[in-house]
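Okay, here's what each chain looks like letter by letter:
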Amino acid sequence: MAAPGGARRQPLLLLLLELAGLMHGASAVFVVKDGSGTACIMANFSADFLTNYITKTGPKNVTFHLPSNAEVLNSSSCGKENASNPSLVIAFGGGHTLAFSFARNATHYGVQMMSFVYNLSDTQLFPSAISNETKTEESITDIMADINKKYRCVSSNQIYMQNVIVTFHNATIQAYLSNDSFSKEETHCMQDGPSPTVSPTTPHHSPSPPHPSPPHPSPPHPSPPHPSPPHPSPSPVPESPSVNKYTVSDTNGTCLLASMGLQLNVTYKKKDDTTLTRVFNINPNKTQVTGHCTPQLVTLELQSESSTFLLFQFGMNASSSRFFLQEIQLNMTLPDAKDPTFKATNNSLRALQATMGNSYKCNAEEQIWVTKDFSVNIFKVRVQAFQVEGDKFGSVEECQLDENNMLIPIAVGGALAGLVLIVLIAYLIGRKRSHAGYQTI
């Protein structure tokens, strides 16, 4: 077993931002060892949690970090061949745990299931909660890598659960270790693209992700990952798409109000067996908009002249009074593809979440991975589903990317102001001492 560690030297600016408490939590190293003391799992990352709980005054959103003093529990295991899978269980705070269960095949390994247990009786994280129960959320993940390589993700990677979003930052994870330490070779996450160097502020328009497949609505124990396709060639990236307003209504009124620009990233095999990634903008002027309203589901359907059918389906969690994007479907025709009919779907998403009656807003570009071959870039989005009053957006709930972009300049300004104040005080003290050396005659 191991305790967190791995503190790193950071530039002064990053240190000041962390001291100001306006960046994500500090990175920590977690290690699982077998009975002989040999490491079988190592992980180094920081993580943020976004969830919603009920107070006496109504639903409340809360964001908190994985603290640097989080610990690996004894229930973590290196697993046994054909009997149990390796697992990493991390505990922190007043009864919260984050657990990873790994699986592998001949060529790849990955986190096949991630679970998060949180205790609402922890008043530091959940003040004024009307319940003191312990809740469990779980999800399959896209954290996968080649055997004997470490998983590396510089970019932020969000795992969507039913009522929790876990965001990993600057992550390095490896299971089935062969030499008691991280491998030198690495498999990059799909969010980074081929060769990241620094954490990006907006998603990459990169070629196809290196290996892992994102979550699908499959059984709780999906098959291990399959080998990756040939490395795709990128196509020229078009300009940012036009932002358009979309409305879905029925006899009872409006059930969906959305404003956004949409861009599709599609990876496919051409007739000569080469792999190509192309980027398509949705042109609102050449797109027919339809949709459906039901008490539990809201659907937005976009049909373009170029034989592209794109569907967004929003669901809701009645217990937490939140709506979210739960499904994206794409059917399109690619004349130069080996299989001209391209289809992709994922109905286990948990994106664009907000409280019922409010609207979700994000000025930053967001990238949602649907499958390993298809993702959607969403620009300047504002969306509200189910409870839309007077065909107008409700109160805004900002995305985490926008909040971070607002906080960083404030943190920089505060840190610089503090430095100026310290220098000024030091100057005044020094001047006073120098004057004290002279005596009146």
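**A closer look at the state of the cysteines**
Two cysteines joined by a covalent bond between their sulfur atoms form a disulfide.
Consideration 1: The full count for this structure, using the stated rule, is 4 disulfides.
Consideration 2: Between the sulfur atoms of Cys 362 and its disulfide partner Cys 399 the distance amounts to 2.1 Å. Taking the torsion about the S-S bond as the criterion, the Cys 362 to Cys 399 disulfide, at about 65°, is right-handed. On the criterion of sequence distance, the pair formed by Cys 362 in strand β24 (residues 359-362) and Cys 399 in the loop between β27 (396-398) and α2 (400-436) is long-range, its members being 37 residues apart.
Consideration 3: Using a relative accessible area of 0% as the deciding quantity, one classes Cys 362 as buried.

**Thoughts on the packing of aromatic side chains**
Consideration 1: In this structure the tally under the stated criterion is 16 aromatic pairs.
Consideration 2: Measuring from centroid to centroid gives 6.5 Å for Phe 64 and Phe 92, while their planes differ by 45°, and the two rings are tilted. Residue Phe 64 is located in strand β3 (residues 58-65), and its partner Phe 92 is located in strand β5 (residues 87-92); the two are separated by 28 residues in the primary sequence. For the pair Phe 64 and Phe 92, a shared accessibility class is recorded, and that class is buried.

**Notes on a nonpolar patch on the surface**
Consideration 1: A cluster of nonpolar residues, Leu 421, Leu 424, Ile 425, Tyr 427, Leu 428 and Ile 429, forms a patch on the protein surface that exposes about 580 Å² of accessible area.
Consideration 2: Note on placement: Leu 424 falls in helix α2.

**Examining the confidence of the model for the protein chain**
Consideration 1: Model confidence for the protein chain is summarised by a mean pLDDT of 81, while 79% of its residues fall at 70 or above.
Consideration 2: Within the protein chain, no element has a lower average pLDDT than helix α1 (residues 12-19), which sits at 41, and none a higher one than β5, at 97.
Consideration 3: Across residues 1-23, confidence stays below pLDDT 50; counting only partners more than four residues off in sequence or on other chains, it has 37 contacts.
Consideration 4: Scored below 50 in pLDDT, residues 195-231 makes 97 contacts in the model with residues more than four places away or belonging to other chains.

**Describing the environment of Phe 182**
Consideration 1: Tracing the backbone shows Phe 182 in the loop between β12 (164-175) and β13 (186-188).
Consideration 2: Sequence-wise, Phe 182 and Tyr 151 are 31 residues apart; in three dimensions their C-alpha atoms are separated by 9.5 Å.
Consideration 3: Apart from residues lying up to four places away in sequence, Phe 182 is in contact with Met 42, Ala 43, Asn 44, Lys 150, Thr 172, Ile 173, Gln 174 and Leu 177.

What counts as what
Along each chain, residues carry numbers from 1 onward, in the same order as the chain's sequence is written. Predicted model: local features are reported for residues with pLDDT of at least 70 only, side-chain atom pairs are reported and counted for 80 or more only, and whole-chain, interface and lining totals are derived from all residues. The side-chain values count all of the structure's non-hydrogen atoms but skip hydrogen atoms and water molecules. Cysteine sulfur atoms are paired as a disulfide whenever they fall within 2.5 Å. We count a stretch as a helix when DSSP gives it H or I for four or more residues in a row; a strand needs E for two or more, and each element gets its number in order from the N terminus. Categorising residues by exposure relies on relative accessible area from a 1.4 Å probe, with only protein chains included: less than 20% of the type maximum marks a residue as buried, more than 50% marks it as exposed, and the intermediate range marks it as partly exposed. In summary, the pairing rule links any two rings of Phe, Tyr or Trp, Trp by its six-membered ring, whose centres are within 6.5 Å, and it sorts them by plane angle into stacked for under 30 degrees, edge-to-face for over 60 and tilted for everything else. Patches here: salt-bridge-free residues with over 30% relative accessible area, like charges joined within 9 Å, nonpolar side chains (Val, Leu, Ile, Met, Phe, Trp, Tyr) joined within 5 Å. Under the convention used here, a 1.4 Å probe and the Shrake-Rupley method define accessible areas, while residue burial counts only the protein chains that appear. The salt bridge definition used is simple: a Lys or Arg side-chain nitrogen within 4 Å of an Asp or Glu carboxyl oxygen. How sure the predictor is of each residue is captured by pLDDT, a score from 0 to 100. Only heavy atoms enter the contact rule, under which two residues are in contact if any of them lie within 4.5 Å.

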